[in-house]
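Given next are the chains, with one letter for each unit.
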Amino acid sequence: MFTKFYQYIRAFSLDVVAGAVISARWIGNYFDAEIPTYAILALGLTVWLIYTIDHLLDARKIKSKDAFLRHIIHDKNAPYIFGLIAIVTMVLIFILQNLKPYLLAYGMVLGFAVFCYLIFVHFVRKKVYWGKEWFIALVYATGICLPTATYIQSVPPILIYFWLQLFILASINLILFNMIEYKIDKKLGFTSFATVKGADFSRRVILVLLLAFVLIWSSSFMFFKTEDLLDYQAIFILMASVLAMVLSKEVVLRQEEWYRVIGDIVFVLPIIEIIIDG
């Protein structure tokens, strides 16, 4: 029963939303940034809107029995989901009025970039690969760090370091899913890093990214001497280790899409630090 329930959580991207919200709060806590709850809520609602609209646009093109559960649910319940999108959009507009002007401006730029991405992917260049995984990872990492940068009114080197680590982890996450779903994506006509470059090449890229992450992670102790760095880097290396485990056990984890369950929960792991710090 729990497995079925969690499948719906994933289908509606609520685990991705939770990861973004928790990670944003976690990064903010490192800098003692006084990020209001409504700013974090705005991030969560925005992430949900982006993923939901993307799933709806994907679902309208898929009529295969091999479609993923998220596409089947969005296709069957499209009218209700559109209504929910309208409600969430109105709530988001209300919240945006309370945000700092700088955060609102930067958020609008990021939102416009995502809007162009959706138009480009679904209506302009449907079959041409242009590196969407890297773009999504960039937007995701930026969205997590943006509230902190806005409320501390600076971009210190350690924040850039955190952003880079989040970007690499998000890239690994997305390419890993592409690699595992390679055959289905091919069958459904989706264009991804793996369908263009191949599953074997994708695996090599993931290994290179993991190596790069470890090098960046280890070098952080040379450049930064802040008090809480060890705690944060412990969480970061745990996140990378979980993704490495998924890569090594991807055959076993294909059943019921456990690779996605574990892979997406990576960005929820910072809640450990949040709970410990109280």
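Above this text is the structure in question.
In short, a report on the structure. (Residues numbered from 1 in each chain as written. Predicted model: local features only at pLDDT ≥ 70, side-chain atom pairs only at ≥ 80, totals over all residues. Heavy atoms only, no water.)

**Things to note about unusual backbone geometry**
Even without a glycine there, the phi angle at serine 13 is positive, about 60 degrees. Counting through the fold element by element, serine 13 comes out in the loop between α1 (2-11) and α2 (14-30). The exposure class assigned to serine 13 is buried, which follows from its relative accessible area of 2%. The backbone phi angle of aspartate 32 is positive, close to 55 degrees, even though this residue is not glycine. Within the element layout of this structure, aspartate 32 appears in the loop between α2 and α3 (37-59). (Helix = DSSP H or I, 4+ residues; strand = E, 2+ residues; numbered from the N terminus. Buried < 20%, exposed > 50% of the residue type's maximum accessible area, 1.4 Å probe, protein only.)

**A word on the packing of aromatic side chains**
Evaluated as defined, the whole model comprises 16 aromatic pairs. With centroids separated by 5.9 Å and ring planes inclined at 65 degrees, the aromatic side chains of phenylalanine 177 and tyrosine 259 adopt a geometry described as edge-to-face. One end of the pair, phenylalanine 177, is in helix α8 (residues 157-180); the other, tyrosine 259, is in helix α13 (residues 258-265), and 82 residues separate them in sequence. Looking at phenylalanine 177, the relative accessible area reads 3%, which means it is buried. The class for tyrosine 259 is buried, based on a relative accessible area of 3%. Taken together, the ring pairs in this structure connect Trp26, Tyr30, Phe31, Phe162, Tyr232 and Phe236 into an aromatic cluster. (Phe/Tyr/Trp six-rings, centres within 6.5 Å; stacked < 30°, edge-to-face > 60°.)

**A look at the pattern of salt bridges**
Taken as a whole and assessed by the stated rule, the structure comprises two salt bridges. A salt bridge links arginine 260 to glutamate 181; the shortest N-O distance between them is 2.6 Å. Highlighted residues: arginine 260 in helix α13 and glutamate 181 in the loop between α8 and α9 (182-188), separated in sequence by 79 residues. Here arginine 260 matches glutamate 181 in class, with each residue buried. Between arginine 203 and glutamate 250 there is a salt bridge, and its shortest N-O distance comes to 2.7 Å. Placement of arginine 203 in helix α11 (residues 199-223) and of glutamate 250 in the loop between α12 (229-248) and α13 is noted, with a sequence separation of 47 residues between them. Take arginine 203: its relative accessible area is 29%, and that puts it in the partly exposed class. With relative accessibility at 8%, the residue glutamate 250 sits in the buried group. (Salt bridge = Lys/Arg side-chain N within 4 Å of Asp/Glu carboxyl O.)

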